[in-house]
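Inside the fold
Spelled out, the chains give:
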Amino acid sequence: MTTQLTIHNTLTRTKEAFEPLDPAHVRMYVCGPTVYDFAHLGNARPVVVFDTFYRLLKRHFPKVTYARNITDVDDKILARAKERNVSIKELTVGTTKIFHEDMDQLNALRPDFEPRATDYIAQMIALTQTLIERGHAYEAEGHVLFAVETMPDYGKLSRRTRDELIAGARVEIAPYKKDPADFVLWKPAPEGGEGWDSPWGYGRPGWHLECSAMADDLLGETFDIHGGGLDLIFPHHENEIAQSSCAHCGKPPAKYWMHNGFLIVNGEKMSKSLGNFFTVHELLEEAPGEALRLSLLASHYRQPCDFTKEGLAKAKATLDKWYGALRKVQDVPLPVIPAKAGIQANSVPAAIEDALLDDLNTPLAIAHIHDLASELNRAEDADTKAKLKAGLLAAGEALGLLLQDVESWFKGAAQKGGPTDAEIEAQIAARLESRQAKNFAESDRIRDALAAQGIILQDGPTGTTWRRE
Ligand code: AMP
Ligand code: ZN
């Protein structure tokens, strides 16, 4: 197994060997959700991708700090709160809770820090003041703007020309701007509206400023990895680089920039504005979280990921197969693997770990897991079974999969209006009694009635097991 991690750095557009700033402590920041509504599956893609990457880092470095923010103040949040006649706090506490519940179902680990923008207003004001003092920002009509002409390599991440920068930013050509490409650090808020006092009057921060201030506060001026979706390269990340490096004497905020591709539906990006979205919440009523997660990891993170209901059903069937292989070896004890100093025990099979170390090649890792599950199905002796079982479980965990108890996977969650586990067990007991009484017509009737409700019975040497279809 190699231990060298390589990642594609958007900054250089090449795959680079990952050399942490401090090998004893790797630091990563990922832009999190704007919590005004339910997250759609596209929003879940960066969460799942960077969670898988976080899990990988944790297997190779003694300490990893992962911060992912919650944007809890923004135009969409303000509009939604007004519509519902609640404060932004009330709105975002509720939407954040739902976001957590949904992401938990996708087996995404909670980040080490989950800063809320509204808890960092003081740091945002201080950062703005530094930028003004250093001549990179100016005040105009209650706004504070970043002056892009003061940064010679502005546009380095997105590699856009000046005209493209202006067109792409869709920035308002406001009379108070010195240059149309200048962007807002602080903007005025109406009296009585949501806002904070600042040296420039009552107002609120610009979105780009929020991430710069939170990342700096939690991870330091320069950290290892900054991630997010492809759409954030410009203007969001370009502007974060401008703010942070100009405030920190040229020191860039991150060494490596990683961006996930879009989740698409019929060739178009899944988005709220196009209306072509499925929320994670609604999809979880149709499929287990692990099936959603597997369908997100089936494409390489930098490629577009095409979402279809058929693809989701296929992911569920794949997991049925993998859990099926584990079900057969439930009684086989796992071998004990010693932990390395400071790093968790790692029994991920070499081919799978190598695939993940190579710029998080999850499709290749998944192909290897298929082979592993087939091998486990064929294994005959106890040692081979134990080794393959441990490998399959570890590989699953590396991808945030196969984390459920085998039986509960097959039993699934009770569907609305469907029989509960206890009702199913009672029917199975009644069927057994009918069979013992040689009343086969009745036992068949019970089995067929359960099948009609999507409950499949399987008779085996140790009794009857069941699963939801
Ligand atoms: P938002 O809540 O819109 O700020 O987005 C949160 C995260 O989801 C950002 O990293 C976006 O880049 C990402 N994102 C939004 N839509 C998609 C999509 N269709 N596919 C992949 N990532 C997306
Ligand atoms: Zn951000």
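Residues numbered from 1 in each chain as written. Chains lettered and ligands numbered in written order. Predicted model: local features only at pLDDT ≥ 70, side-chain atom pairs only at ≥ 80, totals over all residues. Heavy atoms only, no water.

1. Remarks on the side chain of T65
The line we're drawing: Strands here are runs of E lasting at least two residues and helices are runs of H or I lasting at least four, both read from the DSSP assignment and numbered beginning at the N terminus. Polar contact is defined as a pair of N or O atoms within 3.5 Å, subject to the rule that within protein one atom must be able to donate a hydrogen and the other to accept it, and that residues adjacent in sequence are counted only when both atoms are side-chain atoms. When checking whether two residues touch, look at their non-hydrogen atoms; a contact exists if any pair is within 4.5 Å.
Tracing the backbone shows T65 in strand β4 (residues 64-68). Here H25 takes part through its side chain, which lies 2.6 Å from a polar atom of the side chain of T65. T65 has contacts with H25, V26, R27, M28, D112, F113 and L219, leaving out every residue within four places of it along the chain.

2. Considerations on the pattern of salt bridges
Put simply, the rule is: For this document, the term salt bridge refers to a Lys or Arg side-chain nitrogen within 4 Å of an Asp or Glu carboxyl oxygen. Relative accessibility thresholds used throughout: buried, under 20% of the residue-type maximum; exposed, over 50%; partly exposed, between the two (1.4 Å probe, protein chains only).
Counting across every chain of the model gives 24 salt bridges. For the salt bridge of K97 with E101, the shortest nitrogen-to-oxygen distance reads 3.0 Å. Of this pair, K97 and E101 both sit in helix α3 (residues 88-105), four residues apart, roughly one helical turn. Since its relative accessible area comes to 51%, K97 is described here as exposed. Of the residues examined, E101 reaches a relative accessible area of 35% and is grouped as partly exposed. K251 is paired through a salt bridge with E221; the nearest N and O atoms lie 2.6 Å apart. Taken as a pair, K251 in the loop between α7 (233-247) and β10 (254-260) and E221 in the loop between α6 (207-219) and β9 (223-229) lie far apart in primary sequence, 30 residues in all. Look at K251 and you get partly exposed, because its relative accessible area is 41%.

3. Structural notes on the domain arrangement of the protein chain
As a reminder of what qualifies: Note: domain ranges come from an automatic or database domain assignment. Summed over both partners, the accessible area lost on bringing two parts together, with a 1.4 Å probe, is the buried area.
Domain assignment breaks the protein chain into domain 1 (6-260), domain 2 (265-408) and domain 3 (413-468). With centres defined by C-alpha atoms, the gap from domain 1 to domain 2 works out at 31 Å. Between domain 1 and domain 2, the residue contacts involve 37 residues of the former and 42 residues of the latter. Taking both sides of the interface into account, the surface hidden between domain 1 and domain 2 amounts to around 3400 Å²; carbon and sulfur atoms contribute 60%. Three residues stand out in domain 1 for area buried against domain 2, namely L41, R45 and R59, and they jointly supply 23% of the buried area on that side.

4. Quick word on the coordination of the zinc ion (ligand 2)
To keep it simple, the criterion reads: For Na, K and Ca the donor cut-off is 3.2 Å, and for all other metals it is 2.8 Å, counting N, O and S atoms only; because water is absent from this set, sites may look incomplete.
Donor atoms from the polypeptide that bind the zinc ion (ligand 2) are C31 (SG), C211 (SG) and H236 (NE2), placed at 2.0 to 2.2 Å. Read N to C, the donor residues that coordinate the zinc ion (ligand 2) are spaced as C-x179-C-x24-H. Linking C31 in the loop between β3 (26-30) and α1 (41-60) with C211 in helix α6, this pair joins segments that are 180 residues apart in sequence. For the pair shown, C31 and C211 are each scored as buried.

5. So, the site of ligand 1
Put simply, the test is: Proximity is defined per residue: any heavy atom of the residue falling within 4 Å of a molecule or strand makes that residue near it. Using the Shrake-Rupley algorithm and a 1.4 Å probe, accessible areas are obtained, with residue cover drawn only from the displayed protein chains.
Residues in contact with ligand 1 amount to 16 residues; listed here are only the nearest, T34, G229, D231, L263 and M270. Within the contact set of ligand 1, a nitrogen atom lies 3.4 Å away from a side-chain nitrogen or oxygen of N260. Between a nitrogen atom of ligand 1 and a main-chain N or O atom of M270, the distance comes to 2.8 Å. Summarising the interface, the protein chains cover 89% of the accessible area of ligand 1, which totals 490 Å² for the free molecule. Considering each element in turn, the shell around ligand 1 owes the most residues, three residues, to α1.

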